[in-house]
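Next come the chains, spelled out residue by residue.
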Amino acid sequence: MRVLITGAAGFLGSHLSDKFIAEGHTVVGMDNLITGSMDNIAGLMGHERFSFIKQDVSNYIYVAGPLDAVLHFASPASPNDYLEHPIPTLKVGSLGTHNTLGLAKAKGARFLLASTSEVYGDPQVNPQPEDYWGHVNPIGPRGVYDEAKRFAEAITLAYQRYHGLETRIVRIFNTYGPRMRLHDGRVVPNFIYQALTGQPLTVYGDGSRTRSFQYYSDLVDGIYRLLHSDEKLPVNIGNPGEMTILDFAEAVIEISGSESEIVHIQPSDERVTDDPKVRRPDIRKAKRVLGWEPKVGLAEGLAKTIDYFRSRV
Ligand code: UDP
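Thresholds applied
- Counting restarts for each chain: residues are numbered from 1 in the order of the written sequence.
- In keeping with the predicted nature of the model, local features appear solely for residues at pLDDT of at least 70, side-chain atom pairs appear and are counted solely at 80 or more, and the whole-chain, interface and lining totals rest on all residues.
- Computation of side-chain values covers all heavy atoms of the structure but excludes hydrogens and water.
- Under the scheme used here, helices are H or I runs from DSSP no shorter than 4 residues and strands are E runs no shorter than 2 residues, and both carry numbers assigned from the N terminus.
- A molecule or strand has a residue near it when one of that residue's heavy atoms lies within 4 Å.
- The definition of a polar contact used here is a pair of N or O atoms within 3.5 Å, where within protein one atom must be able to donate a hydrogen and the other to accept one, and adjacent residues in sequence count solely through side-chain atom pairs.
- Surface accessibility follows the Shrake-Rupley procedure with a 1.4 Å probe radius. Residue values consider only the protein chains on display as shielding.
- Amino acids are sorted into nonpolar (Ala, Val, Leu, Ile, Met, Phe, Trp, Tyr, Cys and Pro), charged (Asp, Glu, Lys and Arg) and polar (every other residue, Gly among them).
- Expected span, for any helix, means 1.5 Å times one less than how many residues it has.
- Burial status follows relative accessibility: with a 1.4 Å probe on protein chains alone, a residue under 20% of its type maximum counts as buried, one over 50% as exposed, and anything between as partly exposed.
- Throughout, a contact is declared for two residues whenever any of their heavy atoms are within 4.5 Å.
- Two strands are said to pair when DSSP picks up at least two bridges between them.
- All axes here are fitted lines through C-alpha atoms, helices being fitted over the stretch that makes contact, and every angle between N-to-C directions spans 0 to 180 degrees.

1. Some words on unusual backbone geometry
Cis peptide bonds are those with omega within 30 degrees of zero, and the linkage from Asn126 to Pro127 qualifies with -5°. Relative to the helices and strands, Pro127 resides in the loop between β5 (110–116) and α4 (143–163). The phi angle at Leu33 is positive, at roughly 65°, despite the residue not being glycine. Looking at where Leu33 falls in the secondary structure, it is placed in the loop between β2 (26–31) and β3 (50–54).

2. A look at the site of the ligand
The local shell around the ligand holds 18 residues, among which Thr202, Tyr204, Arg211, Arg271 and Asp275 are the closest. Between the ligand and Asn190 there is a distance of 2.9 Å, counted from an oxygen atom to a side-chain nitrogen or oxygen. Within the side chain of Asp275, a nitrogen or oxygen atom sits 2.5 Å from an oxygen atom of the ligand. Look at the ligand: alone it shows 520 Å² of surface, and the protein chains cover 97% of it. Listing elements by their share of the shell around the ligand, those giving two or more residues are α5 (187–196) and β8 (201–204). In the shell around the ligand, the residues fall into six nonpolar, four polar and eight charged.

3. Things to note about helix α7 (residues 245–256)
When the terminal C-alpha atoms of α7 are compared, their 16 Å separation across 12 residues agrees well with the 16 Å that a helix rising 1.5 Å per residue should span. Three or more residues of α7 are buried, namely Ile245, Phe248, Ala249, Ala251, Val252, Ile253 and Ser256. The inward-facing, buried residues of α7 contact α5, β8, β9 (210–212), β12 (242–244), β13 (262–265) and α10 (298–310). Following α7 by one or two positions, Gly257 adopts a phi angle in the positive range, close to 65°.

4. Looking at the sheet that holds β3
Spatially, seven strands are ordered β3-β2-β1-β4-β5-β6-β11 in an open sheet, and the strand pairing comes out parallel. Strands at the two margins of the open sheet, each flanked by one partner only, are β3 and β11 (235–237). Each strand axis lies, on average, 20° off the axis of its neighbour in the sheet, ignoring direction. Sheet strands touched by helix α1 (residues 11–22): β1 (2–6), β2, β3, β4 (69–72) and β6 (167–172). Its angle to β1, the strand with the most contacts, is close to 170°. In the packing of helix α3 (residues 86–107) onto the sheet, the strands contacted are β1, β4, β5 and β6, and the crossing angle to β4 comes to about 175°.

This is the structure we're talking about:
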């Protein structure tokens, strides 16, 4: 296959690029580098089956030659990033999805959208199955990401229904691993950085909010299976191991062997407004239609991620 991956210089886009190259495919990577980094694809540059185009996919996209699949992963994904870049976030989810769908249609390519557990908003159902419609505040600070991704899902289904395009949608739950940016503001890099530098771990509020963390390699495996499957409606890919943020802070301290303390702080209103109180994927559908379930536990995944960050602090 010849595959276009948008957001190829990002955390997930770069790991996906590695996977497709390893499976023998040809990858065209695209990124405007607002949150991505060329360091993530340094190992692919110069590979005969990898090429890179620096481009904002919210503008018209030109790719020469045939494409068999388009994987749309371009988007800021950390709350801090989308608060800092609200309009590019809205544009890449809307205009960028429209452009990449148009490209897939012109090339007769299969399209896979990176969607998110944020489409469920601050959920009133836990765990979240795919048929839950969500609880999203369109005009809150997170609305720029949540609504862009909800629009992206809607336009993807419209291209499937009205143009007969082969489309797939993965709803990605919290994912961590090497190549996350040390200062992207998310809880995993924040806590690891703090633990490795002996600073207190900053738990927002009382730490009772929950998340479920999956290691990136499980996600990449799920996405690869989904692209090759017949499932046309969204599929959750995440690790159902739900824990409180306070327990997560304790796990990071233990696994890193850190002597850091835990502090409870109240960050800016914008940062915590509409912060989901709970989040956990219902993965019965992924098990049924993809034969997929996560394999990497928190202790193993965190140890590998901490090793990666250790060399970078
Ligand atoms: N959080 C925290 N301390 C931090 C960063 C985040 O307590 O230094 C909390 C945040 O309020 C949220 C959870 O950790 O409840 C996960 O936040 P993250 O930014 O990783 O992403 P989200 O899952 O909200 O998209």
